[in-house]
Structures are given as structure tokens and as C-alpha cells.
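# Fold and contact review
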Amino acid sequence: MAAPTTAERQASPDSDGPPPTVRRRRATLAALIAATVLVAGGTWLLYGSSWLRVTQVKVTGAEVLTPAEVVAAAAVPLGGPLASADTDGIASRLTKRLPRIDHVDVERSWPHTIALKVTERTPAALVESKGKYVEVDADGVRFATIDSAPSGIPLVELTPAHGASYRYFGTKTLLRSAVEVAGDLPDAVRRQARVIRVSSYDGITVRLSGGRTVVWGSAENGSEKAAALTALMKAAKGADQFDVSAPTSPAASSS
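Residues numbered from 1 in each chain as written. Predicted model: local features only at pLDDT ≥ 70, side-chain atom pairs only at ≥ 80, totals over all residues. Heavy atoms only, no water.

## Let's talk about the nonpolar core
Counting residues in hydrophobic clusters, the biggest one holds 31 residues, and the most contacted among them are Val206, Leu208, Val214, Trp216, Leu229, Phe242 and Val244. Per element, the largest residue contribution to this core is 6 residues, and it comes from helix α5 (residues 164-184). Within the second largest apolar cluster, 19 residues are counted, among which are Leu65, Ile90, Ile101 and Val106. (Core = buried A, V, L, I, M, F, W, Y, C linked by side-chain atoms within 4.5 Å. Buried < 20%, exposed > 50% of the residue type's maximum accessible area, 1.4 Å probe, protein only. Helix = DSSP H or I, 4+ residues; strand = E, 2+ residues; numbered from the N terminus.)

Next comes the structure, spelled out in C-alpha cells:
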């Protein structure tokens with residue numbers, strides 16, 4: 001007797017189960033159902049359950065600011081789903097409410113924590129105002145007012161006398177020039193800097209400890225002037241007047 005054809009085997013009640021096409025359809029449907037259940041379950045776990053909700057805020061990197069100040073300014077809503085926490089909004093609130101913060105990384109730390117990694121601004125110079133001192137960072141941003149001047153940070157004196165430099169550049173540009181000079185000073189000299197006086201755009205001088213003075217000129221060519229000053233101070237150790245306004249021809253003298 002001839003062997004049954006494929007069609008006959010598929011139609012026979014004695015076959016081993018449903019045809020391959022039916023089995024594939026059933027497997028696909030089962031996979032879709034499983035995926036739907038997983039997605040629904042995951043969504044509920046992230047947004048609907050009480051397991052993954054914000055219960056604490058952790059602060060790192062704060063040095064002058066206290067963690068309590070940072071947490072208060074961040075105003076992170078507790079009890080809400082961690083997955084929907086507005087990290088950009090938290091960062092924006094912090095930088096607006098606490099100008100001392102240069103930037104902050106806001107991250108979700110599963111299962112219950114918002115982590116705030118703070119980077120504070122570093123003062124490059126001070127500006128006296130009404131008996132107090134305003135801290136200014138390397139970008140010229142005034143970010144805090146303090147009662148007493150810390151050591152190791154030069155005080156900026158703006159004395160343009162409302163001349164041409166003042167009218168053309170304005171206080172903000174002249175202050176930025178002073179801060180730029182503070183950043184360009186060699187490390188050893190910066191620690192001795194007491195006052196950076198700005199009388200005009202190209203009339204910047206630095207008063208050091210021990211009554212010594214550095215004529216810097218403008219804030220331009222800062223790296224060249226720093227190198228010239230370092231060499232000049234080594235070569236003329238007894239001098240108390242250093243002029244690097246023209247870094248290719250520096251000069252030193254004693255009063």
C-alpha cells in the first residue's frame with residue numbers, strides 16, 4: 001500500500017498534533033501575551049507599586065554648602081515614583097537657588113534614592129562691597145557674599161575713574177580681566193597675591209605680600225606673562241617691582 005501524503009497525515013486523526021503553521025501561530029500569540037504581561041507588570045512596578053518610590057535624597061560633593069541646604073533647595077518630592085522624578089527640573093532649581101553651585105549631576109539610584117553630585121564654584125578673586133566680600137569665580141560670576149576675606153584669594157580693586165576704559169569696557173569686562181589675571185598667575189605667585197588693581201583695560205597691577213608689585217598690563221597673553229614673571233623673579237630675587245606687561249622684554253627693579 002502507498003505511503004500517505006503530507007496532506008493525508010495532517011488530516012489524519014492519528015497525527016502527532018496540530019500542523020506546524022498552527023503551532024507557529026500559537027507560539028507567536030503566546031509570546032505576544034507574555035510580552036504584554038511583562039510590559040504591563042514592569043510599568044506597574046515602576047509607576048504604580050510602592051516598591052520603587054523616592055524616599056531619600058543623597059548629596060555628595062558639597063564643601064561650603066551643607067547637605068541640608070542642598071536638599072532643601074532641590075525640593076525633591078518624596079513618595080512619588082522614582083522613574084518619573086524630574087531630574088532636569090531638580091538640577092535647574094539647584095543652580096538657580098544656590099549660585100555657589102557650578103553644576104550638579106542628578107541621578108536615580110535604585111530603588112529609592114535621588115543622588116545629587118554637586119560641584120561648587122571656586123573663588124578666583126574677591127570684590128569688596130559694603131564691608132563684605134563678594135566671591136567671584138574664574139568665569140567672572142559673582143556667586144556668594146561672605147563676611148571676611150579668606151586667605152589666598154586676591155582682592156580686586158576696580159579704579160577706572162570713569163575714563164575711556166570704563167565707558168568702553170564697563171565694570172563687568174574689567175572685573176573679568178582681573179579674574180583672568182588671577183587665574184594666569186603662577187601658583188606660587190597667586191598664593192602671595194593680595195590685591196589686583198584695575199585702573200584701565202591695559203592697566204592691571206598685582207600687589208604681592210612684602211610690598212612687591214607686578215605690572216601686568218592687559219589680561220592678554222597671560223601664559224607668556226606668567227612664564228616671564230617666573231623667570232624674572234628667579235633672576236632678580238632682590239627686586240620688588242616686576243613688569244611683564246611686555247612679556248618679551250620683562251623688567252625688574254628695586255624701590
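## Let's talk about the pairing of strand β7 (residues 155-158)
Inspection of the sheet shows strand β4 (residues 125-129) paired to β7 by 2 bridges, in the parallel sense. The partner of Leu126 across the bridge, within β7, is Leu155. Pairing between β7 and strand β8 (residues 193-198): 4 bridges, direction parallel. Within β8, the residue paired with Leu155 across the bridge is Val195. (Pairing = 2+ DSSP bridges.)

## Focus: the sheet that holds strand β2 (residues 101-109)
Reading across from one edge, β1-β3-β2 is the order of the 3 strands in this open sheet, with mixed pairing throughout. At either end of the open sheet lies a strand with only one pairing partner, and these are β1 (56-60) and β2. On average, each strand axis in the sheet is inclined to that of its neighbour by 20 degrees, with strand direction left out of account. Summarising the sheet, β1 and strand β3 (residues 113-120) pair through 5 bridges and their orientation is parallel. (Axes fitted to C-alpha atoms, helices over the stretch in contact; angles between N-to-C directions.)

## A closer look at the side chain of Arg212
Mapped onto the secondary structure, Arg212 falls in the loop between β9 (204-208) and β10 (213-217). What Arg212 contacts, discounting residues up to four positions off in sequence, is Gln192, Val206, Arg207, Met233, Ala239, Asp240 and Phe242. (Contact = heavy atoms within 4.5 Å.)

## Regarding the environment of Phe242
Topologically, Phe242 is positioned in strand β11 (residues 241-243). A relative accessible area of 3% means that Phe242 is categorised as buried. In sequence terms Phe242 and Leu229 are 13 residues apart; their C-alpha atoms lie 7.4 Å from each other. Those residues within four positions of Phe242 in sequence are excluded, and the remaining contacts are Arg212, Thr213, Val214, Val215, Leu229, Leu232, Met233, Ala236, Ala251 and Ala252.

## Examining the pattern of salt bridges
Under the defined criterion, the tally for this structure stands at 6 salt bridges. One salt bridge in this structure joins Glu135 and Arg100, with 2.6 Å as the shortest N-O distance. Linking Glu135 in strand β5 (residues 132-136) with Arg100 in the loop between α4 (87-97) and β2, this pair joins segments that are 35 residues apart in sequence. Accessibility assignment for this pair places Glu135 and Arg100 in one class, buried. (Salt bridge = Lys/Arg side-chain N within 4 Å of Asp/Glu carboxyl O.)

## Some remarks on helix α3 (residues 67-74)
Three or more residues of α3 are buried, namely Val70, Ala73 and Ala74. Each buried residue of α3 sits inside an arc of 100 degrees when the element is viewed along its axis, so together they form one side. Set apart from the buried face of α3 by more than 90 degrees, the exposed residues are Ala68 and Ala72. Buried residues along α3 sit against β1, α4 and β3. Following α3 by one or two positions, Ala75 adopts a phi angle in the positive range, close to 50 degrees. (Arc of directions from axis to C-beta.)

## Some remarks on the sheet that holds β11
Pairing between the strands of a sheet is mediated by backbone hydrogen bonds and can be parallel or antiparallel. Here we have 9 strands laid out as an open sheet, ordered β6-β5-β4-β7-β8-β9-β10-β11-β12, and mixed in their pairing. The sheet terminates laterally at β6 (142-146) and β12 (251-253), the two strands that pair on one side only. On average, each strand axis in the sheet is inclined to that of its neighbour by 25 degrees, with strand direction left out of account. Where β9 lies against β10, 4 bridges are found, and the strand directions are antiparallel. Bridged to Ile204 within β10 is Gly217. On top of the sheet, helix α7 (residues 222-235) reaches β9, β10, β11 and β12; it is set at about 155 degrees to β10, its chief contact.

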